Amino acid sequence: MSPFRDSEDLHQSLGGFFDTLTTSPEGQLIHRVGGSILFIFHHPEGRILWSPLPPPGSWPAFRVLRGAETASVEPLLTFEQDGETAHRFWLGEIDLAQALARQQLRATGPLSRAMKLLPHLDPVYPRYAAWVAARPGPA
Amino acid sequence: MRVLASVLRDYEDLGLEELELDDPGPGEVLVRILAAGVCHSDYHVVSGDLPLPTPMVLGHEGAGVVEAVGGGVSRVRPGDAVVLNWLPSCGHCRYCLDGRPELCRQPAVAAQHGTLPGGRTPFRRPSTGEPVYQFSLTGAFAERTVVPEAGVVPLPPGVPAHEAALLGCSVLTGTGAVWRTARVQPAESVAVLGTGGVGLNILQAARLVSAWPRIAVDANPRRLETAQGLGATHTVLAGQGGELDRILELTDGTGVDAAFEAIGRPETMALAFNATRPGGRAVLVGVAPPHVDLRVNAFAFPSQAKTLTGCWYGQSWPARDIPALARLHAAGVLTLESLASRRYRLDQLEEALQAMLKGTVTRALILPSG
Ligand SMILES: [Zn+2]
Ligand SMILES: [Zn+2]
């Protein structure tokens, strides 16, 4: 079952967490990707886009766009997944290689640029767990 | 100790560095590398198609001599000639017990992290102490490396390192795909798409079991020439369309009993499936980037009962199969000498990779000790 009630809930909950990343040290990692990252969600449907804000080192590191407003930016990388997979990914519970192999996650674009960042995400997962726990409603 | 190594600093950025190499810990072995083949998988890491952490010492198809062993090591001693096994399985998980050690999770997870099974890498940058990862529990593009005990396979005498190295990846993979995964029988027809290091060994293995015809498909005429020397009975120059029609013409319109894809591209993978006869086997050996999907016709599965499968490391048991291949070579049955066509120094890895990509060498060998 999806941890998100509906698109609105996904955009607010996960999108809100992404907002906190824009001013976290890990947020700067986006400059190593070299472009925007679009996340496409199903169950519930949703779209969130990270658009880097140059120059590197300045804050916030990127903008978080939601829903229809994501159409204004051409993404470099796209990750498509169910809401539940996304939720579990940010909890640190997803083996990316396995998820790709089972098509739980579909990636388009230069995947290696995103994979480079993975080892740096370890401190982010517990913060997402805390973020979820602090929010009212299901999850 | 200090060792010279070819280090992938970041994707597309290779350079020679002096690294600090730890002594072998318990259950580990220090190997002096005498020869290491340059494999397409090494290039996949350089290009980022096989996304792994950097900095990293590449090279996984290696042979050398044991120089020291850590506590508890019993299978090898200093002075033993060995081939590296880049998939040292745990020996006790469900897959290992099932006789499928190539599916063991332990080395797969370690390889994803670029470390030994314990999570540690033996290489460090001397100035900063920064860890330098090792490719697939090996790291053969270095003068020396430290690997798990299960990561070395002792060799019978008489196989020089520059030939033995190839047993550690391309020969094991190619022969295993034919003999174990596809179980090709005498007089069965085969097609091999891509005649690089692995593809040539698929052809050679098909020849050894008297498969016929043995159709080699490649876009590089030079490689097709080499393929004829190693066992191809027919060649198809790819890249101008009509590859499928040529294969069908050579098999009375039915397709081959077994088709092998040794490139790693979804288009050629689909071609392998489409060129397979009803009831036949298509074996994907080439490694595509992890996010690439494949398109094949769905109706063909129930209506033509084809098998579409893959094989990792030749579905082999390296400790059993590497010595067996060495014996076949010593008996004059298996060709190794004509496979390794050019030798390079450690600082020439870039050049060796380019030669492999252009197809001007059958297999480039790095000789880390000069
Ligand atoms: Zn290889
Ligand atoms: Zn195992």
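Keep in mind that this is a model prediction, so the values were computed, not measured.

Reading guide: rules and limits
- Residues numbered from 1 in each chain as written.
- Chains lettered and ligands numbered in written order.
- Predicted model: local features only at pLDDT ≥ 70, side-chain atom pairs only at ≥ 80, totals over all residues.
- Heavy atoms only, no water.
- Donors = N, O, S within 2.8 Å, 3.2 Å for Na, K, Ca; no water.
- Buried < 20%, exposed > 50% of the residue type's maximum accessible area, 1.4 Å probe, protein only.
- Contact = heavy atoms within 4.5 Å.
- Buried area = accessible area lost by both parts, 1.4 Å probe.
- Salt bridge = Lys/Arg side-chain N within 4 Å of Asp/Glu carboxyl O.
- Polar contact = N/O pair within 3.5 Å; in protein donor to acceptor, adjacent residues only side chain to side chain.
- Helix = DSSP H or I, 4+ residues; strand = E, 2+ residues; numbered from the N terminus.
- Nonpolar A, V, L, I, M, F, W, Y, C, P; charged D, E, K, R; others polar.
- Pairing = 2+ DSSP bridges.
- Axes fitted to C-alpha atoms, helices over the stretch in contact; angles between N-to-C directions.
- 1 Å grid on protein atoms, 1.4 Å probe; cavity = no way out; pocket = protein on both sides within 12 Å on 5 of 7 lines; lining within 4 Å.
- Points joined across faces, edges and corners; volume = space filled by probe spheres on them.
- Core = buried A, V, L, I, M, F, W, Y, C linked by side-chain atoms within 4.5 Å.
- Domains from an automatic or database assignment.

Draft legend 1. Spatial organisation of the coordination of the zinc ion (ligand 2). Residue and element names in this part refer to chain B. Around the zinc ion (ligand 2), the donor atoms from the protein are Cys90 (SG), Cys93 (SG), Cys96 (SG) and Cys104 (SG), and they sit 2.3 to 2.4 Å away. Classification of Cys90 by relative accessible area gives buried; the value is 18%. Note on Cys104: relative accessible area 2%, which makes it buried.

Draft legend 2. Fine view of the interface of chain A and chain B. Taken together, the 13 residues of chain A in the interface contact nine residues of chain B. Summed over both sides, the interface between chain A and chain B buries roughly 940 Å², with carbon and sulfur atoms accounting for 52% of that surface. Considering only the surface of chain A that becomes buried against chain B, Leu111, Ser112 and Lys116 of chain A emerge as the three largest contributors, covering 39% of it. Between the two partners, chain A and chain B, sit two salt bridges. Between Arg105 of chain B and Asp95 of chain A there is a salt bridge, with the nearest N and O atoms lying 3.0 Å from each other. Summed over the shared surface of chain A and chain B, the number is four residue pairs in polar contact (both at pLDDT 80 or more). Of all elements in the fold, only helix H3 (96-101), strand E5 (105-108) and helix H4 (111-115) of chain A reach the threshold of two or more residues within the side of chain A that touches chain B. A per-class count over the side of chain A that touches chain B returns five nonpolar, five polar and three charged.

Draft legend 3. Structural context of the sheet that holds strand E2 (residues 46-52) of chain A. Residue and element names in this part refer to chain A. Taken in spatial order, the five strands make up an open sheet running E3-E2-E1-E4-E5, and their pairing is mixed. The outermost strands of the open sheet, each flanked by one partner alone, are strand E3 (62-66) and E5. The average angle at which neighbouring strand axes cross in this sheet is 15°, direction not considered. Here helix H1 (residues 7-21) sits on the sheet and contacts strand E1 (37-42), E2 and E3; the angle it forms with E2, its principal contact strand, is near 15°. Lying on the sheet, helix H2 (residues 83-90) is in contact with E1, E2 and strand E4 (77-82); it crosses E4 at an angle near 110°.

Draft legend 4. A look at the coordination of the zinc ion (ligand 1). Residue and element names in this part refer to chain B. Note on the zinc ion (ligand 1): its protein donors are Cys39 (SG), His60 (NE2) and Cys169 (SG). The metal-donor distances range over 2.0 to 2.2 Å. One chain supplies every donor for the zinc ion (ligand 1), spaced along it as C-x20-H-x108-C. On the criterion of sequence distance, the pair formed by Cys39 in the loop between strand E3 (28-37) and helix H1 (40-47) and His60 in the loop between strand E4 (56-57) and strand E5 (61-69) is long-range, its members being 21 residues apart. Each member of the pair, Cys39 as well as His60, is classed as buried.

Draft legend 5. Inspection of empty space enclosed by the protein at higher detail. All names here are of chain A. Taken as a whole and assessed by the stated rule, the structure comprises four cavities of 30 Å³ or more. Space inside the largest cavity adds up to approximately 320 Å³. Phe39, Trp50, Phe89, Trp90 and Leu121 are, among the 20 residues lining the largest cavity, the residues nearest its centre. Split into classes, the residues belonging to the lining of the largest cavity amount to 17 nonpolar, two polar and one charged.

Draft legend 6. Highlighting the nonpolar core. Within the largest apolar cluster, 50 residues are counted, with the highest numbers of intra-cluster contacts made by Leu155, Leu167, Val171, Val184, Ile202 and Phe260 of chain B. In terms of residues, this core owes the most to one element, helix H6 (residues 197-208) of chain B, which gives six residues. Each of domain 1 (2-168 + 340-367) and domain 2 (172-312) of chain B gives at least three residues to this core. When neighbours within four sequence positions are excluded, Val171 of chain B is seen to be in contact with Leu166, Gly176, Asn201, Leu325, Leu334, Leu336 and Leu339 of chain B. Ile30, Phe41, Phe79 and Tyr125 of chain A belong to the second largest nonpolar core, which has 37 residues in total.

Draft legend 7. Up close: the domain arrangement of chain B. Residues and elements named next belong to chain B. The domains assigned to chain B are domain 1 (2-168 + 340-367) and domain 2 (172-312). Contact residues are listed per partner, giving 14 residues for domain 1 and eleven residues for domain 2. Approximately 1100 Å² of surface area, both sides summed, lies buried where domain 1 meets domain 2, with 56% of it carried by carbon and sulfur atoms. Counting the surface domain 1 buries against domain 2, the share from its top three residues, Asp49, Gly359 and Thr362, is 31%. One can count zero salt bridges joining domain 1 with domain 2. Summed over the shared surface of domain 1 and domain 2, the number is two residue pairs in polar contact (both at pLDDT 80 or more).

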